[in-house]
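Residue-level listing of the chains:
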Amino acid sequence: MDNTTAHYQDLAALVRFAPGYQNVYARLMHYPQNKVCYVVSNVDICAALEQVLHGQVDMDDIEMWASLLEMRGDIDHSQVEGVLYALSNPEQMGELTLYKISQIMALLK
């Protein structure tokens, strides 16, 4: 994986809720998904959830974000698929709260 490409950088920004991640959504449709460009790790998930805990990302954005990471062909989420499933299915896993987010982070560290 070449971490200098715009494709990789945009995926990294999205995965970690980095500043400007909202601008990435429009560009995602232009990237091919036939090859993995980014592997999501526990560190990535913790970085993203940290943004939620600090109020920089809305709790409502988590479900869509987790679903997007699961469905993209250019993202390997196999290391964190259980966490993404829990985050993208609150109707089955229970409503997300800041307490649950902090519990998930503690499990990942």
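Up top you'll find the structure we're talking about.
These numbers come from a predicted model, not from an experiment.

Student: Now, about the pattern of salt bridges: what can you tell me, with residues and values included?
Tutor: The full count for this structure, using the stated rule, is three salt bridges. In this structure, Asp44 engages Arg16 in a salt bridge whose closest nitrogen and oxygen atoms are separated by 2.5 Å. Placement of Asp44 in helix α3 (residues 42-53) and of Arg16 in helix α1 (residues 6-16) is noted, with a sequence separation of 28 residues between them. For Arg72, the salt bridge goes to Asp74, with nearest N and O atoms at 2.7 Å. Arg72 sits in the buried class, given a relative accessible area of 7%. Its relative accessible area of 0% is what places Asp74 among the buried residues.

Student: Run through the packing of aromatic side chains, naming residues and quoting values.
Tutor: Using the criterion set out here, one finds four aromatic pairs in the structure. When the ring of Tyr21 is compared with that of Tyr25, the centres are 6.3 Å apart and the planes differ by 75 degrees; the resulting orientation is edge-to-face. Of the two residues, Tyr21 and Tyr25 are both situated in helix α2 (residues 21-28); the distance of four residues between them amounts to about one turn of the helix. Among the residues examined, Tyr21 registers a relative accessible area of 6% and is labelled buried.

Student: A description of helix α7 (residues 98-108) should follow, citing residues and the corresponding values.
Tutor: For α7, every residue scored as buried is listed here: Ile101, Ile104, Met105 and Leu108. For α7, the arc enclosing every buried residue in end-on projection is 100 degrees, short of the 170-degree limit, so these residues lie on one face. Opposite the packed face of α7, turned more than 90 degrees from it, sit the exposed residues Tyr99, Ala106 and Leu107. Of the surrounding secondary structure, the elements contacted by the buried residues of α7 are α3 and α5 (81-88).

Student: Go over the environment of Leu68 with me, naming the residues and quoting the values.
Tutor: Secondary-structure assignment places Leu68 in helix α4 (residues 60-71). Sequence spacing of Leu68 and Leu84 is 16 residues, and the spatial spacing of their C-alpha atoms is 9.6 Å. Other than its neighbours up to four places away in sequence, Leu68 contacts Leu14, Tyr25 and Leu28.

The rules behind the values
- Every chain's residues receive numbers from 1 upward, in the order its sequence appears when written.
- Residue-level local features of this predicted model are given only where pLDDT is at least 70; pairs of side-chain atoms are given and counted only at 80 or more, and the full residue set underlies all totals for whole chains, interfaces and linings.
- Here the side-chain values reflect all heavy atoms present in the structure, with hydrogen atoms and water set aside.
- Salt-bridge detection follows one rule: a side-chain nitrogen of Lys or Arg within 4 Å of a carboxyl oxygen of Asp or Glu.
- Only runs of H or I of at least four residues qualify as helices and only runs of E of at least two qualify as strands under DSSP, and these elements are numbered from the N terminus.
- Burial classification: accessible surface area is computed with a 1.4 Å probe over protein chains only, and a residue below 20% of its type maximum counts as buried, one above 50% as exposed, and the rest as partly exposed.
- Stacked, edge-to-face and tilted labels apply to pairs of Phe, Tyr and Trp rings (six-membered ring for Trp) whose centres lie within 6.5 Å, assigned for plane angles under 30 degrees, over 60, and everything in between, in that order.
- Arc, as used here, means the arc of the directions from the helix axis to the C-beta atoms.
- In what follows, a contact means two residues having at least one pair of non-hydrogen atoms within 4.5 Å.

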